Every structure is written in C-alpha cells, then in structure tokens.
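Residue-level listing of the chains:
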Amino acid sequence: MKPKPEPNGIDLDRIEKAVREILYAIGEDPGREGIKDTPARIARMYAELFNGPNEDPRRHLEKVFTENYDEIVLLKDIPFHSMCEHHLLPFIGQAHVGYIPRGKVIGVSKLARIVSSFARRPQVQERLTTQIAEFLIREIDAQGVAVVMEASHTCMTIRGVKKPGSIMVTSAMLGRFRSDARSRAEIMSLIRDR
Ligand SMILES: [Zn+2]
C-alpha cells in the first residue's frame, strides 16, 4: 500500500491502522460494509482536530494596528471545541478573551483564531486557558489579558460520573487583570452581562 500524503506531519496510515485495531478489539469486523471506511475517515478527522501544533498562532498577529486605545477590548462567546487529552473526547463551550492594549490592537477575529489554534491539540481546559492568555500578553505586549472558558466535557457527560449539564469554568488573568481588582471586576461584569 502506498503511503498517503501526510498533512502537516500527521501520519494518516498509522491512525487508520490503530482505529482498525480498536474495531477488532471491540469485536467488530472492520471489513463490514458500514464501517469499512471508518478508519480512513477518523484519520482525516484527527488530522483536522489535532492540527494545532502544526500551525504557528503568531501568524494571526501579522496585522497589528497602532491605536491610542487603552480600555478593555473583549471578544466574548467565542464557540470552541477541543479534545480532552485523558479520554480523547471533545469538550465544547465558549471562550471570552479580553485585553487592555498598550498601543497595539489586533483584528478581533484573530482572537477567535488564536483560541482555535491552541484548542486543536490534546488538551486540558486549564492549560488551554493559560496558553491563550500567556501567548497574548507575550506577543502583543498588552497591559493585561483575561481569558475565561466555559465548557461541557463529554468525558463527564457520556461516561464516568455522567453529569450532563455540568459546565467547567477556567480563567487566566494576567497583567492588570491580575494586579488590579477593579479591572478584573470590570471585565468579569462585561463577560457576565448578557
Ligand atoms: Zn477527559
């Protein structure tokens, strides 16, 4: 069998083989009509869901605008999904990303792209939240960065304790949002305000 092209270094053949093994292991026949293409399909899906490490999130910061604005910029209710690294099951929710610029602002859609870039890898929500915040404060030299994420974890809703409806909330507050209680209170009320 000739090797398939590997998108961004993700080994599709290897995923396919592994999924076929899992199907055998659960007593299925991987040759069965309905599932014969499943290993290849999952390989392509994983290439998409785990593509984050192959993308440098800094590419979303190529356009930065100089602007004399030093109040809060907040993009809230950004839908995101990621894969829990303990079960390889999705967790799905919303991210709220805010910052206080120091002379530099970025296109607002870029905030969503940065979230997605860090989400497309095996993750835990705590680390995902921190990675986005640390990346932003480092790369745009903001006075403060706040990231709040709320997500439902399918590894909790469909297995284990089976608690559908439970939402996990994580937050990372850096710079002014960490040192100044008023800035923190302001962004939290902007996030909560529906
Ligand atoms: Zn999990």
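This structure is a prediction, so every number in the text was calculated from the model and none was measured.

A.B. asks: Quick rundown of the overall build of the chain? Include the residues and the values.
C.D. replies: Within the chain, the regular secondary structure consists of seven helices and seven strands. Mapped in sequence order, the helices and strands of the chain form the string α-α-β-β-β-β-α-β-α-β-α-β-α-α. If you line up the chain on its principal axes, its C-alpha atoms span 60 × 40 × 25 Å. Sorting the 194 residues of the chain into buried and exposed places 41% on the buried side. Here the analysis covers contacts within the chain between residues at least 6 apart in sequence; of these, 67% occur between residues at least 24 apart. A total of about 11,200 Å² of accessible surface is found on the chain, and carbon and sulfur atoms cover 53% of it.

A.B. asks: Describe the coordination of the zinc ion, with residues and values.
C.D. replies: Ideal geometry at a metal centre: 109.5 degrees between donors when four sit tetrahedrally, and 90 or 180 degrees when six sit octahedrally. Donor atoms from the polypeptide that coordinate the zinc ion comprise Cys-84 (SG), His-87 (ND1) and Cys-155 (SG), at 2.2 to 2.3 Å from the metal. Along the chain, the residues donating to the zinc ion are arranged with the sequence spacing C-x2-H-x67-C. Placement of the pair is Cys-84 in strand E2 (residues 73-84) and Cys-155 in helix H5 (residues 154-157), with a sequence separation of 71 residues.

A.B. asks: Break down the pattern of salt bridges for me, citing the residues and quoting the values.
C.D. replies: Counted according to the given criterion, the structure contains nine salt bridges. A salt bridge links Arg-58 to Asp-56, with the nearest nitrogen and oxygen atoms 3.1 Å apart. With relative accessibility at 46%, the residue Arg-58 sits in the partly exposed group. Judged by relative accessible area, Asp-56 falls into the partly exposed class, the value being 37%. A cluster of three or more residues bridged by salt bridges with shared partners is formed by Glu-55, Arg-59 and Arg-120.

A.B. asks: Quick one: what's the story with the confidence of the model for the chain, residue by residue and with numbers?
C.D. replies: Per-residue confidence for the chain gives a mean pLDDT of 93; residues scoring 70 or more make up 96%. Within the chain, the element-level pLDDT minimum falls on strand E1 (residues 64-66), averaging 87, and the maximum on strand E7 (residues 168-175), averaging 98.

A.B. asks: Explain the environment of Arg-192 to me, using residue names and the numbers behind them.
C.D. replies: Within the secondary structure layout, Arg-192 lies in helix H7 (residues 181-192). With 116 residues separating them in the primary sequence, Arg-192 and Lys-76 have C-alpha atoms 9.6 Å apart.

A.B. asks: Quick rundown of the packing of helix H3 (residues 108-119) against helix H4 (residues 125-139)? Include the residues and the values.
C.D. replies: Running from amino to carboxyl end, H3 crosses H4 at an angle of 130 degrees, the nearest separation of the two axes being 10 Å. Here H3 is positioned oblique relative to H4, judged by the angle of their axes. Of the two possible hands of crossing, H3 and H4 adopt the one that is right-handed. Of the residues in H4, those touching H3 at Leu-111, Ile-114, Val-115, Phe-118 and Ala-119 are Leu-128, Gln-131, Ile-132, Phe-135 and Leu-136. Its residues assigned to classes, the contact of H3 with H4 comprises nine nonpolar, one polar and no charged.

Criteria and cut-off values
Residues numbered from 1 in each chain as written. Predicted model: local features only at pLDDT ≥ 70, side-chain atom pairs only at ≥ 80, totals over all residues. Heavy atoms only, no water. Helix = DSSP H or I, 4+ residues; strand = E, 2+ residues; numbered from the N terminus. Buried < 20%, exposed > 50% of the residue type's maximum accessible area, 1.4 Å probe, protein only. Contact = heavy atoms within 4.5 Å. Areas by Shrake-Rupley, 256 points an atom, 1.4 Å probe, with all protein chains shown as cover. Donors = N, O, S within 2.8 Å, 3.2 Å for Na, K, Ca; no water. Salt bridge = Lys/Arg side-chain N within 4 Å of Asp/Glu carboxyl O. pLDDT = per-residue confidence, 0-100. Axes fitted to C-alpha atoms, helices over the stretch in contact; angles between N-to-C directions. Parallel < 35°, antiparallel > 145°, perpendicular 65-115°, else oblique. Left-handed = near helix turned anticlockwise from the far one by under 90°. Nonpolar A, V, L, I, M, F, W, Y, C, P; charged D, E, K, R; others polar.

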